[in-house]
Amino acid sequence: MLQKLAVNGIKNRWKDYLVLFSGLVISSSIFYLFETLSTNGRYLKENGAIVSMIGYIFAFGSILLTLITLVYINYANNFLLSMRQRDYGLFMMLGARKGKIGQLIWIETMLIGFLSTVVGVIVGIVLSTGMQNIVIKSLGLTARYYAPIWWKAILWTFILYLGLFFLAAIYNTFLMTRKPALKLLKSQQKAAKKQLPMWMQFIQALIGIILLTIGYGVIQNAVKYGSKTIPISLFTITFGTFFVFNSIVTVGISLLRKTNLAKKNLNGFTLGQLEFRVHDYTKILTVVTMLLALALGAITTGIGFNNITDKTAEAQSAYTFGLFQPTSKQRTLIKKLDIEQQSSYSYKVSGNAVYFEETQFEKQPFQTVKFNSKSFTSSYAKLSVAELKKDSYPLQKFTESIQPNRQVVLVDAQKFTAIQGQQQTALFFRAKDTPDAQSILSQISNLEYAKSKQKDRTDAIQGNYDAKIYVVKPLYSGLEFMGIFLGIAFLAMLASCLMFKILSGAFEDVRRYSMLAKLGVRKSLLQGAIAKEIGILFVLPAVVGVVHVLIGLNLFKGILINPYYGIWLPFTIFAVLYLLYYFIVLFMYQRIVLKKI
């Protein structure tokens, strides 16, 4: 009987549950996708160090996603309770025991959690299949041992989400069964909170502005504050935002109520609604603002990392390739390239050393790369024989692939001739990185790796091309991929949190709007008043959040060439998603409030 009541309760309100359900599916599917990468030990172990590093990145992404999901479920749960508590009160009035009501609440909550997790895992498997076929290849990674259907990912997804809903079910049961039936029936009636005195609001506004100024100032001088930048700015901006919403917005609404604008249509009523609710909304507006800033920041910086792939790769070496005993096939391929610089050196391998003839380095100085972190440009410097003898690492990092654990030694021509061993050739060249050159460079790289004694491709880096393909691109693309997915998930869930908070108050407004309708107010005016009220609640965190992002991106000036490059993309994603949620909230709010009008 209880199971039937729970299912019927969900069926009767399926439109209200659909939004909650969709948010949970997005969260659980992305969590599953991240877990397929971070928990597949064989995939991480067998595919090298960079893949393992990306696994850690996605594990970190899973933790961030879990934190936002906690916030999301909290507000979604409050919405569900506000929607159903009158029904629970009626059940009690009709004689249902509190124990049975508690069981009903528990079943409903767990049923929603179970269904959304199952669908989320299915969607996650579809996303993972797409990742195997498209994303992993675009990241420059191998799909060997990657499994779209991964039992550990399924297990952790169910443990997390069912665990969260289990806790929510216990909380709901405890809360609802402790309330008298009369209080549940009158849950839509809410006493107005007493406003703070003007002098206290002024102090809060001053504190808020000071905190925001400090936070923005610290971000602008990140180099000066170092590791203290993030904790200081996070603390000051979060609390500064809270005080701004709790004071300046309230005072602004109060002042607007005294203007002629308030006398037009239902503007006075709308402003009164906002003034009544603003203190209750301060926390959610602060949370949404900060999460919005993090979401936009994650997408923007993710795209920014991908934009500096080539520049970072160029900074890894002065040469496109360093080839040892180049084959005839490699030499033929090199002739097809546009060569900027090329040097050839003789070497011998004897004992635990690789010997080079130093006179050749005097005629053809070995080059190293100098990177300017401010302008993100690379320049090349010639190394003298004395410098190479003092520090042979720039040359030795090339020999590690074919002669691992052997010391590089530069000797004169006489000593070089006396060394026993076959004389071999090392060829270093720098080619222009053109689209047509990519396939040629890839062939040269594969031929050189075939000679390597290193198992891991990342230990056989023979120039900036290998560094780009096997280190920089996978790492930065992984950061971009996670940033975009996390950002979209954050945007969807923070908008959902605001939506649930707004809709939780819709049931209290039914009587107010019904009374206005009975007084003769046209339905179109009521719809306009609702649109304005919800619009203001959506615009406030959006505006403040965008300001936080625009200033916060200064943190990445030392990492990214231009942290504002391509910023239109995350802002477009945000605008589309945010507008979509606004219209969903508007539709649902009007359907609840104006249903009988």
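Residues numbered from 1 in each chain as written. Predicted model: local features only at pLDDT ≥ 70, side-chain atom pairs only at ≥ 80, totals over all residues. Heavy atoms only, no water.

Undergrad: Which parts of the structure should I look at to understand the overall build of the chain?
TA: Broken down by element type, the chain carries 22 helices and seven strands. Among the 597 residues that make up the chain, the fraction classed as buried is 51%. Contacts in the chain between residues at least 24 apart in sequence constitute 82% of all its contacts with a sequence separation of at least 6. Summing over all exposed atoms, the chain offers an accessible surface of approximately 28400 Å²; the carbon and sulfur share of this is 63%. (Helix = DSSP H or I, 4+ residues; strand = E, 2+ residues; numbered from the N terminus. Buried < 20%, exposed > 50% of the residue type's maximum accessible area, 1.4 Å probe, protein only. Contact = heavy atoms within 4.5 Å. Areas by Shrake-Rupley, 256 points an atom, 1.4 Å probe, with all protein chains shown as cover.)

Undergrad: Even after reading the chapter, I still don't get the side chain of Ser-29, so can you show me in this structure?
TA: Topologically, Ser-29 is positioned in helix H2 (residues 14–38). Engagement of the side chain of Ser-29 in a polar contact is seen with the backbone oxygen of Val-25, the distance being 2.8 Å. (Polar contact = N/O pair within 3.5 Å; in protein donor to acceptor, adjacent residues only side chain to side chain.)

Undergrad: What's the story with the environment of Gly-113 in this structure? I'm lost.
TA: If you trace the backbone, Gly-113 turns up in helix H5 (residues 98–138). Residue class for Gly-113 comes out buried when judged on its relative accessible area of 0%. Along the chain, Gly-113 and Phe-165 lie 52 residues apart, while their C-alpha atoms are 5.7 Å from each other. Apart from residues lying up to four places away in sequence, Gly-113 is in contact with Leu-162 and Phe-165.

Undergrad: Just to check I follow, could you spell out the packing of helix H10 (residues 229–256) against helix H11 (residues 267–307) for this structure?
TA: The packing of two helices is summarised by the inter-axis angle and the distance between the axes. The N-to-C vectors of H10 and H11 enclose an angle of 165°; their axes lie 9 Å apart at closest approach. Classified by the angle their axes make, H10 and H11 are roughly antiparallel. Considering the relative orientation of H10 and H11, their crossing is right-handed. When H10 is examined against H11, the residues Leu-234, Ile-237, Thr-238, Thr-241, Phe-242, Phe-245, Asn-246, Val-249, Thr-250, Ile-253, Ser-254 and Leu-256 are found in contact with a partner set consisting of Leu-271, Leu-274, Glu-275, Val-278, His-279, Thr-282, Lys-283, Leu-285, Thr-286, Thr-289 and Met-290. Of the residues belonging to the contact of H10 with H11, the class tally is twelve nonpolar, nine polar and two charged. (Axes fitted to C-alpha atoms, helices over the stretch in contact; angles between N-to-C directions. Parallel < 35°, antiparallel > 145°, perpendicular 65-115°, else oblique. Left-handed = near helix turned anticlockwise from the far one by under 90°. Nonpolar A, V, L, I, M, F, W, Y, C, P; charged D, E, K, R; others polar.)

Undergrad: Any chance you could explain the nonpolar core here in plain terms?
TA: Where a protein is soluble and globular, its nonpolar side chains tend to be buried together. Ranked by size, the top nonpolar core spans 82 residues in total, and within it Ile-502, Ile-534, Phe-538 and Tyr-578 carry the most contacts. Of the residues forming this core, the biggest block, 16 residues, is contributed by helix H19 (residues 464–504). A domain split of this core shows at least three residues from each of domain 1 (1–190) and domain 2 (262–316 + 467–597). Each residue touching Ile-502, except ones within four places of it in the same chain, is listed here: Tyr-281, Ile-534, Leu-537, Phe-538, Val-585 and Tyr-589. Core analysis: the next-biggest nonpolar cluster, separate from the first, contains 20 residues, Phe-324, Phe-366, Leu-383 and Leu-410 among them. (Core = buried A, V, L, I, M, F, W, Y, C linked by side-chain atoms within 4.5 Å. Domains from an automatic or database assignment.)

Undergrad: Where do I start with the sheet that holds strand E3 (residues 353–357) in this structure?
TA: Consider a sheet: its strands pair through backbone hydrogen bonds, and that pairing is either parallel or antiparallel. With mixed pairing, the five strands of this open sheet are ordered in space as E1-E7-E2-E3-E6. Taken across any chain shown, the strands that pair with only one partner, and hence form the sheet edges, are strand E1 (321–324) and strand E6 (407–411). For this sheet, the mean angle separating the axes of adjacent strands, direction not counted, is 30°. The sheet contact formed by E3 and E6 spans five bridges and is parallel. What sits directly across from Tyr-355, in E6, is Val-409. (Pairing = 2+ DSSP bridges.)

Undergrad: How do you make sense of the packing of aromatic side chains when you look at a structure like this?
TA: In the structure shown here, the tally under the stated rule is 26 aromatic pairs. Pairing Phe-31 with Tyr-161 gives two aromatic rings, centres 5.8 Å apart and planes at 75°, and the pair type is edge-to-face. Here the residue Phe-31 occupies a position in helix H2, and Tyr-161 occupies one in helix H6 (residues 151–177), the gap between them amounting to 130 residues. The same class applies to Phe-31 as to Tyr-161, namely buried. Between the aromatic rings of Phe-398 and Phe-428, the centroid separation amounts to 5.0 Å while the plane-to-plane angle is 90°, which identifies the pairing as edge-to-face. One end of the pair, Phe-398, is in helix H16 (residues 393–399); the other, Phe-428, is in strand E7 (residues 424–431), and 30 residues separate them in sequence. Side by side, Phe-398 and Phe-428 carry an identical accessibility label, which is buried. Chaining the aromatic ring pairs together yields one cluster made of Tyr-319, Phe-324, Tyr-345, Tyr-347, Phe-356, Phe-361, Phe-366, Phe-398 and Phe-428. (Phe/Tyr/Trp six-rings, centres within 6.5 Å; stacked < 30°, edge-to-face > 60°.)

Undergrad: Help me understand the packing of helix H21 (residues 523–552) against helix H22 (residues 568–593) in this model?
TA: The interhelical angle for the contact between H21 and H22, taken along N-to-C directions, is 155°, at an axis separation of 10 Å. Taken together, the axes of H21 and H22 lie roughly antiparallel to each other. At the point where H21 passes H22, the crossing takes the right-handed sense. Between H21 and H22, the residues in contact are Gln-527, Ile-530, Ala-531, Glu-533, Ile-534, Gly-535, Phe-538, Pro-541, Ala-542, Val-546, Val-549 and Leu-550 and Phe-571, Phe-574, Tyr-578, Tyr-581, Tyr-582, Val-585, Leu-586, Tyr-589, Gln-590 and Val-593, respectively. The residue inventory of the contact of H21 with H22, partitioned by class, reads 18 nonpolar, three polar and one charged.

Undergrad: How should the pattern of salt bridges be read in this particular structure?
TA: Proximity of charged atoms lets side chains of opposite charge pair with each other. Counted by the stated rule, this structure contains six salt bridges. A salt bridge links Lys-389 to Glu-358, with the shortest nitrogen-to-oxygen separation between them at 2.7 Å. One end of the pair, Lys-389, is in helix H15 (residues 385–390); the other, Glu-358, is in helix H14 (residues 358–363), with 31 residues separating them in the sequence. As a salt-bridge pair, Asp-509 and Arg-512 come within 2.4 Å of each other at their nearest N and O atoms. Residue Asp-509 and its partner Arg-512 are located together in helix H20 (residues 506–518), separated by three residues, close to a single helical turn. Since its relative accessible area comes to 25%, Arg-512 is described here as partly exposed. (Salt bridge = Lys/Arg side-chain N within 4 Å of Asp/Glu carboxyl O.)

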